[in-house]
2 protein chains.
Amino acid sequence: MIVKPMPISGFRENLPEFQLIEDNYKEIIKKNYSLSGFTPIDTPVVERLDVLLAKGADDNEVYAISRVNGEEGDDSDLGLRFDLTVPLARFVSQYEGELTFPFRRQHISRVYRGERPQKGRFREFYQADIDIIGNGSLPLFADVEVLSTIYNSLKELDFGQFVININNKKFLSGFLESIGVTNIKETISIIDKKDKVRHEKLKEMFLSIGLSEQTIEKIVEFIKFGEEKTSTEILTYYSQFDSLLLKTGLDELKYLYTSLISLGVDEQYIKINPSISRGLNYYTGTVFETFITGALNMGSISSGGRYEDLASNFTKNNFPGVGGSIGLTRLLSVLESIGKIETNKKTTSKVMLVNMGDDFLKKNLEIIRFLRQNLINTELYLDSEAKIVKQLKYANNKKINYVIIIGETEIQNDIVVLKNLYSGEQFEIKQENLLDYIF
Amino acid sequence: MIVKPMPISGFRENLPEFQLIEDNYKEIIKKNYSLSGFTPIDTPVVERLDVLLAKGADDNEVYAISRVNGEEGDDSDLGLRFDLTVPLARFVSQYEGELTFPFRRQHISRVYRGERPQKGRFREFYQADIDIIGNGSLPLFADVEVLSTIYNSLKELDFGQFVININNKKFLSGFLESIGVTNIKETISIIDKKDKVRHEKLKEMFLSIGLSEQTIEKIVEFIKFGEEKTSTEILTYYSQFDSLLLKTGLDELKYLYTSLISLGVDEQYIKINPSISRGLNYYTGTVFETFITGALNMGSISSGGRYEDLASNFTKNNFPGVGGSIGLTRLLSVLESIGKIETNKKTTSKVMLVNMGDDFLKKNLEIIRFLRQNLINTELYLDSEAKIVKQLKYANNKKINYVIIIGETEIQNDIVVLKNLYSGEQFEIKQENLLDYIF
């Protein structure tokens, strides 16, 4: 029976040319996370359902697993993780005694959401998370480390201009407090929607939770001021306010901002933005969201913040933390849709040896061995009877940079012919000089 | 509500010190696969159930997914892959027109099996696969590439002695044919069990499929001969036989063996072993299985072979291939159980800066920035008020190599103190000379 293979919506899959780019992105992120001492963990994709649902997650979006034709109850308590934070919380409380705190971990892996099929919504996607978890307490410098590491990673990906919008929940709450708002959580969750709804709709929502026209006006001004003014102007302007909460938040923001600059973060790429709130009540201090210039309406590609207690569902011990996440699948999908991804290779091979027949096999094997030992990705064209034209076409299709040809004449003269398929140049050289020509 | 986190049997999870080793293994394997031009693919963990079950897989071991509290029928047609070969077959037939053949792919990822919980049996594990797929035909040199690449990977992992046992199904079938066996498939599937059952039991099984005492004796001799003699002795001895099938298999084995030696494979690590069969009818030519010396009874850690048709369930086109797989999770679990894994680090950090207080923050940030830019993994101890003893204990616990201390005196004299925690040595040096001391 023939089963026709078809794509499954929400599950992205790459052809080799795009996979090489995704892998390169992953390596760059991992390298930068490691440079800042974030050690990798790699928990199972599968967790117990009671762990996944402990916090009252939207269980309609959680996938459970069960054996096809298995008996009733087999593994019926297991499901697929929907983020990397719940597994971190479970991990930290499970191995508390074996970890050294503050615990810095990175986790680059896939998560699963039972989303309704929809464009740009993924049911399987990569997240690249870092978190620093303290045992009992955690200094503010942890926030600096998370932000600078996210910045270094995104910068090295080199996809163009982006802005990390930074704020502090204490600053935002303090401001609302200072203008007389009492239902602060509800107000913040409306502010969080400001980029997604029209101005009138926003006002309506504020009115519906009982804010006065005057208060609403102040909030709207606050948002506008935050978007228009520079980070330094914002820090200066609000230092006059005398709400204690606002001041604490502002001091934290100032410490964070100046430390980031000292660590080499380019001012163009960060902005203090007082109306960033990240909705979630989970966050208690620093929060951030990152947008690609030219793709603002496509949502944040990296976000995170400071939270008071990571693992309250799993242990009575207190684990405050700060974390950040790069939404790798979303980032690639946004870059692809704004035309920022150029694929240029279809294979890991850098060199292809033309196969002139089995008489030359031994010489070819000698060269393959030599090049691979020198960490040059190399393959021999497999079919020893194929015409040279066909072999070069294969190399061209796969965008392999270099081709090596060894035939009768070359063996006699103890040389090889090296062809650069990009520049069109061709050299007759000694085998031992190959490394001087291949970059 | 507090949910107590517990391990799930069959789902391996690493503490950081072991994860660093697993990641290093993955990188070495990936590097070697790439050196031979195997380009990565990364298909979803989720496939359609009809794709997974097309070949009549043991559906009792396949996991299906469904949304917790989802409506009847939501995603009910999806499951988790149980190997990386079915996804490859589906991928090749789905994107046939966009791939260049022969298609060399690597895939290092997890697979899922609904196994009954049992020691050493995993329900989630990493496989590291390579395959070369031809369109219509595929030269024998592809087998050389797969075997040499598997060898290079295992060799660089540097865990000690292993032996790749190589055989050819044509050779084995040819031999059985030459001694008058007619039910060759059944006989081979019994030979495949030779390491798992006692001698008497094996004989019983042969008798039960109707082999004569005399034939059984010849098979037992054949197995013994193959185990005792060297590769060269085996190739020489059987070249006298005049079965055409046997001769074809033997010629392929000879070509494979001599090519591998030319490519630098050390004779000690490969052995032609005529009784290796890999049970599966799937394989048609080259087959191999790899055992770690000193852990023979723990099963093969890498295996594979040549097959006639990868994707017959998904397309009428003919895709012959050859592949090999390193069972990464099993390999690590075997090495762990025979005491071959020494963990020596608990973090990616190579350097820790002692935190002498916020007065020194700026200088510390300058040095962090300098070291990270020079690709040295560095962290600052977070708590600026912790005693030095506590800070050094943290570095010791995590087995960080180097510690840097900057206090009043150091700032005045424009130096830093660098302590090597392994050797105990301590240096007072200029900041710009740090890279000469940190390895």
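The shown structure was predicted, so the numbers you read here are calculated from the model rather than taken from an experiment. (Residues numbered from 1 in each chain as written. Chains lettered and ligands numbered in written order. Predicted model: local features only at pLDDT ≥ 70, side-chain atom pairs only at ≥ 80, totals over all residues. Heavy atoms only, no water.)

Before going further, it helps to examine the overall build of chain A. Within chain A, the secondary structure is distributed over 15 helices and 16 strands. Projected onto its principal axes, the C-alpha coordinates of chain A cover approximately 90 × 60 × 45 Å. When each of the 439 residues of chain A is scored for burial, the buried share is 59%. As displayed, chain A offers around 18500 Å² of accessible surface, 47% of which is attributable to carbon and sulfur atoms. The distance from the centre of the 53 positive side-chain charges to the centre of the 62 negative ones in chain A is 2 Å. (Helix = DSSP H or I, 4+ residues; strand = E, 2+ residues; numbered from the N terminus. Buried < 20%, exposed > 50% of the residue type's maximum accessible area, 1.4 Å probe, protein only. Areas by Shrake-Rupley, 256 points an atom, 1.4 Å probe, with all protein chains shown as cover. Lys, Arg positive; Asp, Glu negative; His and termini not counted. Charge placed at Lys NZ, Arg CZ, Asp CG, Glu CD.)

This paragraph deals with the interface of chain A and chain B. At the interface, 117 residues of chain A touch 117 residues of chain B. Taken together, the connections running from chain A to chain B amount to 14 salt bridges. A salt bridge links A:Glu13 to B:Arg90, with the nearest nitrogen and oxygen atoms 2.8 Å apart. The interface formed by chain A and chain B includes 44 residue pairs in polar contact (both at pLDDT 80 or more). (Contact = heavy atoms within 4.5 Å. Salt bridge = Lys/Arg side-chain N within 4 Å of Asp/Glu carboxyl O. Polar contact = N/O pair within 3.5 Å; in protein donor to acceptor, adjacent residues only side chain to side chain.)

Let us look at unusual backbone geometry. Cis peptide bonds are those with omega within 30 degrees of zero, and the linkage from A:Phe101 to A:Pro102 qualifies with -5°. Topologically, A:Pro102 is positioned in the loop between helix 3 (85-94) and strand 5 (103-112). With a phi angle near 55°, A:Lys399 is a residue other than glycine that sits in the positive phi range. Looking at the element boundaries, A:Lys399 is found in the loop between helix 13 (388-397) and strand 14 (402-405). For A:Lys399, a relative accessible area of 36% translates into the label partly exposed. You will see that B:Asp414, though not glycine, has its phi angle at about 55°, which is positive. Checked against the element boundaries, B:Asp414 lands in the loop between helix 14 (408-413) and strand 15 (416-420). The exposure class assigned to B:Asp414 is partly exposed, which follows from its relative accessible area of 42%.

Further remarks concern the sheet that holds strand 12 (residues 351-353) of chain B. Strand-to-strand pairing in sheets goes through backbone hydrogen bonds, with the strands running parallel or antiparallel. Residue and element names in this part refer to chain B. Pairing is mixed across the open sheet formed by five strands, whose spatial order is 13-12-14-15-16. The open sheet has two edge strands with one neighbour each: strand 13 (378-380) and strand 16 (426-429). Taken pair by pair, the neighbouring strands of this sheet meet at an average axis angle of 20°, ignoring direction. Sheet topology places strand 15 next to strand 16; four bridges connect them, and they run antiparallel. If you follow Lys419 over to strand 16, its bridge partner there is Gln426. (Pairing = 2+ DSSP bridges. Axes fitted to C-alpha atoms, helices over the stretch in contact; angles between N-to-C directions.)

Let us now look at the sheet that holds strand 10 (residues 302-307) of chain B. Sheet architecture is open: eight strands sit in the order 1-5-6-11-10-9-7-8 (chain B), paired in mixed fashion. Of all strands in the sheet, those bounded by a partner on one side alone are strand 1 (39-40) and strand 8 (270-272) of chain B.

With that settled, consider the packing of aromatic side chains. Residues and elements named next belong to chain A. What the rule picks out here adds up to 44 aromatic pairs over all chains. For the ring pair Tyr282 and Tyr283, a centre distance of 5.3 Å and an interplane angle of 75° mean the geometry is edge-to-face. Among the aromatic residues, ring-to-ring pairing joins Phe171, Phe175, Phe222, Phe225, Tyr237, Tyr238 and Phe241 into one connected group. The ring of Phe38 has Arg104 lying over it, and the distance from NZ or CZ to the ring centre is 5.7 Å. (Phe/Tyr/Trp six-rings, centres within 6.5 Å; stacked < 30°, edge-to-face > 60°. Lys NZ or Arg CZ within 6 Å of the ring centre and 35° of its normal.)

Attention shifts here to the domain arrangement of chain A. How large an interface is tends to be reported as the accessible area lost when its parts come together. Residue and element names in this part refer to chain A. Each assigned domain of chain A is listed here: domain 1 (9-160 + 293-346), domain 2 (169-272) and domain 3 (351-436). Averaged C-alpha coordinates put domain 1 and domain 2 at centres separated by 27 Å. In this complex, domain 1 contributes ten residues to the contact, which on the side of domain 2 involves ten residues. Between domain 1 and domain 2, roughly 890 Å² of surface is buried when both sides are summed, and carbon and sulfur atoms account for 83% of that area. Sorting the residues of domain 1 by area buried against domain 2 places Leu140, Val144 and Tyr151 first, and these three jointly supply 55% of that buried surface. Along the contact surface separating domain 1 from domain 2 lie zero salt bridges. The tally of links from domain 1 across to domain 2 stands at one residue pair in polar contact (both at pLDDT 80 or more). Its residues assigned to classes, the side of domain 1 that touches domain 2 comprises five nonpolar, two polar and three charged. (Domains from an automatic or database assignment. Buried area = accessible area lost by both parts, 1.4 Å probe. Nonpolar A, V, L, I, M, F, W, Y, C, P; charged D, E, K, R; others polar.)

A cluster of acidic side chains, namely A:Asp358, A:Asp359, A:Glu385 and A:Glu408, defines a negative patch on the protein surface. Here A:Glu385 is to be found in the loop between strand 13 (378-380) and helix 13. (Patch = residues over 30% accessible without salt bridge, like charges linked within 9 Å, V, L, I, M, F, W, Y side chains within 5 Å.)

Take the packing of helix 1 (residues 16-35) of chain B against helix 11 (residues 328-337) of chain B next. All names here are of chain B. The geometry of helix 1 relative to helix 11 is characterised by a closest axis approach of 11 Å and an angle of 130° between their N-to-C directions. Here helix 1 is positioned oblique relative to helix 11, judged by the angle of their axes. Note that helix 1 runs across helix 11; the crossing there is right-handed. Of the residues in helix 11, those in contact with Phe18, Ile21, Glu22, Tyr25, Lys26 and Ile29 of helix 1 are Leu328, Leu331, Leu332, Leu335 and Glu336. Of the residues contributing to the contact of helix 1 with helix 11, the split by class is eight nonpolar, no polar and three charged. (Parallel < 35°, antiparallel > 145°, perpendicular 65-115°, else oblique. Left-handed = near helix turned anticlockwise from the far one by under 90°.)

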